[in-house]
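What follows is the residue order along each chain.
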Amino acid sequence: MTKRADYISWDEYFMGVALLSGKRSKDPSTQVGACIVNQQNKIVGVGYNGLPIGISDDEFPWDKEGDFLNTKYPYVCHAELNAILNNIGINLEGCKIYTALFPCNECSKAIIQSGIKEVVYLSDKHAHKESAIASKKMLQTAGIALRKITPRISEVVLSLDEKDV
Ligand SMILES: O=c1ccn([C@H]2C[C@H](O)[C@@H](COP(=O)(O)O)O2)c(=O)[nH]1
Ligand SMILES: [Zn+2]
């Protein structure tokens, strides 16, 4: 037998893990997942956007508009920050972070401080916002590589049917 040719690339694998993690998010508008990978291509942290531990995602708002305190924005812990905080207890110096959405300025501060050296992202849908502009400025000044990926495949289908294993 010859080996499979249609296996997914490292980028597709790690972005896929980030996206799968994002499926845990309760945010009705934007589900973000992030996956941190070390220099040996080992996953060392994952996260998604969600409320901090102990804060009920049924009691706090998920609205985007209205009075600030009645929106999700002051409460949600972002995917990239969660991935950093959830890491397996190592120094993240030299790691890469895969994230579905280009990190905001607050996540970028945490990325820089943690020693992560590359940000790999899929969507930059908030590029026009001041937070994204500030974020790029900080990441570029800090010498962090930014790479938008365009996967060869548009989806990865996962069957949970035991017969497909
Ligand atoms: O760096 C980021 C930026 C945003 N998020 C999360 C925070 C929110 O839950 C959504 C953004 O909501 P919109 O409805 O698109 O404004 O994404 C994140 O995890 N990381
Ligand atoms: Zn953020």
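Residues numbered from 1 in each chain as written. Chains lettered and ligands numbered in written order. Predicted model: local features only at pLDDT ≥ 70, side-chain atom pairs only at ≥ 80, totals over all residues. Heavy atoms only, no water.

### Considering the UniProt feature "binding site: Zn(2+)" (unreviewed entry) in the chain
Okay, step 1: Here the UniProt feature "binding site: Zn(2+)" (unreviewed entry) sits at H78, C104 and C107. These annotated residues cover 30 residues of sequence, and their C-alpha atoms all fall within 8.8 Å of one another, placing them together at a single site.
Okay, step 2: Relative to the elements of secondary structure, H78 occurs in the loop between β2 (43-48) and α2 (79-85).
Okay, step 3: If sequence neighbours within four positions are ignored, H78 has contacts with Y48, N49, C104 and C107.
Okay, step 4: Under the relative-accessibility criterion, C107 is labelled buried at 3%. (UniProt positions renumbered as here; feature names shortened; annotations may be inferred. Helix = DSSP H or I, 4+ residues; strand = E, 2+ residues; numbered from the N terminus. Contact = heavy atoms within 4.5 Å. Buried < 20%, exposed > 50% of the residue type's maximum accessible area, 1.4 Å probe, protein only.)

### Quick notes on the coordination of the zinc ion (ligand 2)
Okay, step 1: The coordination sphere of the zinc ion (ligand 2), as far as protein atoms go, consists of H78 (ND1), C104 (SG) and C107 (SG), spread over 2.0 to 2.2 Å.
Okay, step 2: Taken together, the four donor atoms coordinating the zinc ion (ligand 2) span angles of 103 to 122 degrees at the metal, a pattern that classifies the geometry as tetrahedral.
Okay, step 3: For the zinc ion (ligand 2), the single-chain donor residues occur in sequence as H-x25-C-x2-C. Here H78, found in the loop between β2 and α2, pairs with C107, found in helix α3 (residues 105-114); they are 29 residues apart in sequence, far enough to count as distant. (Donors = N, O, S within 2.8 Å, 3.2 Å for Na, K, Ca; no water. Tetrahedral: all angles 85-135°; square planar, octahedral: opposite > 155°, others 65-115°.)

### Here's the deal with the site of ligand 1
Okay, step 1: Taken together, the neighbourhood of ligand 1 is formed by 17 residues, with D27, T30, K64, K72 and Y73 sitting nearest.
Okay, step 2: Taking D27, its side chain carries an N or O atom lying 2.6 Å from an oxygen atom of ligand 1.
Okay, step 3: H78 is positioned such that a nitrogen or oxygen atom in its side chain is 3.5 Å from a nitrogen atom of ligand 1.
Okay, step 4: The class makeup of the residues in the shell around ligand 1 is seven nonpolar, five polar and five charged. (Near = heavy atom within 4 Å. Polar contact = N/O pair within 3.5 Å; in protein donor to acceptor, adjacent residues only side chain to side chain. Nonpolar A, V, L, I, M, F, W, Y, C, P; charged D, E, K, R; others polar.)

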